[in-house]
Amino acid sequence: MFKIKKKLDKPKAPVLYNVIEDYSEFDAPGNVTVCAMTHPEDLPGHAKILSESYDVPLETMTQLLTEGGTYVYPQIGGLLTRGMFACVVEAAGGQSKRTFVLDLMQFAEAEQLARARAIPLAQAAYEVFHRALPDELKEKLDKKNLGLDYRTLDRAVAKGGDIKYIDFRKDWSPHFKRLCIMPDGRMVETGGLEEFAELHGISPSQAKTLVEQGGTLEVSGEILACQIVNGQPAVARFSAKNSTKAKELAASKGMHLMDALSEVAYNDPVMMRALVRKELSSGL
C-alpha cells in the first residue's frame with residue numbers, strides 16, 4: 001500500500017510593495033530605491049521584514065511603524081558604527097508614512113538640527129534625509145502619490161487607492177528585485193541574498209560579502225563580478241571564455257581584474273545588448 005504524500009505549500013511572504021522606483025544611480029546618500037504600497041498595510045508582516053532587514057528589535061519596529069519615531073543603533077565598543085532608522089507616520093502635508101535610514105554623518109546633522117530648532121528628532125531626521133535626495137525624487141515626494149498617473153497604472157495597483165507607506169531602501173531585499181547580467185546576455189532578477197546565492201551556486205555569506213564589498217568570485221570556471229556604484233551593487237557573471245580573456249588582459253596590461261572584466265564586457269556584443277536593454281529600461 002502506497003502512502004500519498006501531501007504537498008505542503010510554503011507560506012507566502014507578505015507583499016510589501018507594488019510601486020517601485022529606482023534612484024540608486026544617484027550619488028550617496030541620496031541613492032535609494034523607493035518602495036511604496038497602495039494597499040492597506042500588513043503591519044505585522046511589514047514590521048517583521050523591516051526588523052530583519054535593518055536589525056531593529058521587532059517590538060521596537062512595530063511601535064515605530066505605529067507611532068513614528070527613531071531607533072539609534074547601539075554603540076559597539078563605545079563607538080557608534082551605524083546611524084539611525086526612522087519612521088515618520090505623518091509626513092508634511094498629510095503624506096504617506098515613510099521609513100528611512102540615516103548614515104552616521106546624517107545622524108549627527110539631524111541631532112544638531114533637532115537641538116537648534118527644538119523639534120522632534122524624527123522630524124529633523126526626515127529634513128536631513130530629504131535634503132540629500134535627488135531633485136527628481138524631491139519633486140515627486142511633494143506631490144500626492146508621487147505624482148503617479150493612476151490611469152496608466154496596473155488596475156491591481158490603482159484599486160488600492162492612495163499610497164499608504166514608502167520605504168526608502170538601500171539593502172538587497174527579497175521584496176524588490178535586482179538584476180544580474182548573465183554570460184548569455186539574459187538579465188536575471190533576484191530578490192534577497194539567499195535567492196542570489198542559489199542562482200549562482202554560492203553560499204549566502206559569500207553573496208553577502210560580494211554585494212556589500214564588491215569584487216570578484218570564481219564560480220565553476222566563471223567569474224561573478226560586483227561593482228559598487230554610488231553605494232549600490234551592479235552584478236554581472238562572465239563565461240569561462242570571457243573570464244580567461246579578462247585574466248590575460250589584466251596580466252598583459254597590468255590592469256585590475258575588475259577593469260579588465262569591464263573592457264571584455266564592452267567588447268562582447270551579447271553582454272552589450274544586455275547593458276543597452278538595462279539602460280533603456282531604467283530610462284522609462
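Residues numbered from 1 in each chain as written. Predicted model: local features only at pLDDT ≥ 70, side-chain atom pairs only at ≥ 80, totals over all residues. Heavy atoms only, no water.

Re the overall build of the protein
1) Next: When helices and strands are counted, the protein shows eleven helices and eleven strands.
2) Next: Counting the 284 residues in the protein, one finds 42% classified as buried.
3) Next: Restricting to contacts in the protein with at least 6 residues of sequence separation, those with at least 24 account for 45%.
4) Next: Total accessible area on the protein is roughly 16,300 Å²; 54% of this is exposed by carbon and sulfur atoms. (Helix = DSSP H or I, 4+ residues; strand = E, 2+ residues; numbered from the N terminus. Buried < 20%, exposed > 50% of the residue type's maximum accessible area, 1.4 Å probe, protein only. Contact = heavy atoms within 4.5 Å. Areas by Shrake-Rupley, 256 points an atom, 1.4 Å probe, with all protein chains shown as cover.)

Details of the side chain of Ser243
1) Next: Its location among the elements puts Ser243 in helix α9 (residues 240-253).
2) Next: One polar contact links the side chain of Ser243 to the main-chain amide nitrogen of Ile223, over a distance of 3.1 Å.
3) Next: Separated by 2.8 Å, the side chain of Ser243 and the backbone oxygen of Ser239 make a polar contact.
4) Next: Dropping the residues within four chain positions of it, Ser243 is found in contact with Gly221, Glu222, Ile223 and Phe238. (Polar contact = N/O pair within 3.5 Å; in protein donor to acceptor, adjacent residues only side chain to side chain.)

Things to note about the pattern of salt bridges
1) Next: The full count for this structure, using the stated rule, is 14 salt bridges.
2) Next: Residue Arg82 pairs with Asp55 through a salt bridge whose shortest N-O separation is 3.4 Å. Linking Arg82 in the loop between β3 (69-72) and β4 (84-88) with Asp55 in the loop between α1 (43-54) and α2 (58-67), this pair joins segments that are 27 residues apart in sequence.
3) Next: Taking the shortest distance from any N to any O, the salt bridge between Lys253 and Glu263 comes out at 3.8 Å. Of the two residues, Lys253 sits in helix α9 while Glu263 sits in helix α10 (residues 257-266), which places them ten residues apart along the sequence. (Salt bridge = Lys/Arg side-chain N within 4 Å of Asp/Glu carboxyl O.)

What about unusual backbone geometry?
1) Next: Here the bond from Ala28 into Pro29 is cis, since omega is 5°, no more than 30 degrees from zero.
2) Next: Note on placement: Pro29 falls in the loop between β1 (19-22) and β2 (33-37).
3) Next: Positioned with a positive phi, Leu146 is a non-glycine residue whose angle comes to about 60°.
4) Next: With respect to the helices, strands and loops of the structure, Leu146 is situated in the loop between α5 (135-141) and α6 (155-158).

Digging into the sheet that holds β4
1) Next: One open sheet holds the six strands; their spatial order is β1-β2-β6-β5-β4-β3, and the pairing between them is mixed. Each edge of the open sheet is held by one strand with a lone partner, namely β1 and β3. Across the sheet, the mean angle separating the axes of adjacent strands is 15° when strand polarity is ignored.
2) Next: The sheet strands contacting α1 are β4, β5 (97-102) and β6 (165-169), and the helix crosses β6 at an angle near 15°. (Pairing = 2+ DSSP bridges. Axes fitted to C-alpha atoms, helices over the stretch in contact; angles between N-to-C directions.)

Some details on the environment of Leu133
1) Next: Within the fold, Leu133 resides in the loop between α4 (121-132) and α5.
2) Next: Assessed through its relative accessible area of 3%, Leu133 is described here as buried.
3) Next: Apart from the residues lying within four places of it in its own chain, the contact partners of Leu133 are Gly30, Val32, Lys138 and Leu141.

Description of the nonpolar core
1) Next: In terms of nonpolar packing, the biggest core is built from 28 residues, with Phe100 and Phe168 touching the most fellow members.
2) Next: For this core, the element with the highest residue contribution is α4, accounting for five residues.
3) Next: Once you skip the residues sitting within four places of it in the chain, Phe100 turns out to touch Met84, Phe85, Ala86, Val88, Ala122, Ala125, Tyr126, Phe129 and Phe168.
4) Next: Counting 17 residues, the second largest nonpolar core, distinct from the first, contains Cys35, Ala47, Ile49 and Tyr54. (Core = buried A, V, L, I, M, F, W, Y, C linked by side-chain atoms within 4.5 Å.)

A look at the pairing of β6
1) Next: In terms of residue burial, β6 counts as a mostly covered element, since five of its five residues are buried.
2) Next: With five bridges connecting them, β2 and β6 associate as antiparallel partners. The residue bridging Val34 from the neighbouring strand is Phe168, located in β6.
3) Next: Inspection of the sheet shows β5 paired to β6 by three bridges, in the parallel sense. If you follow Thr99 over to β6, its bridge partner there is Asp167.

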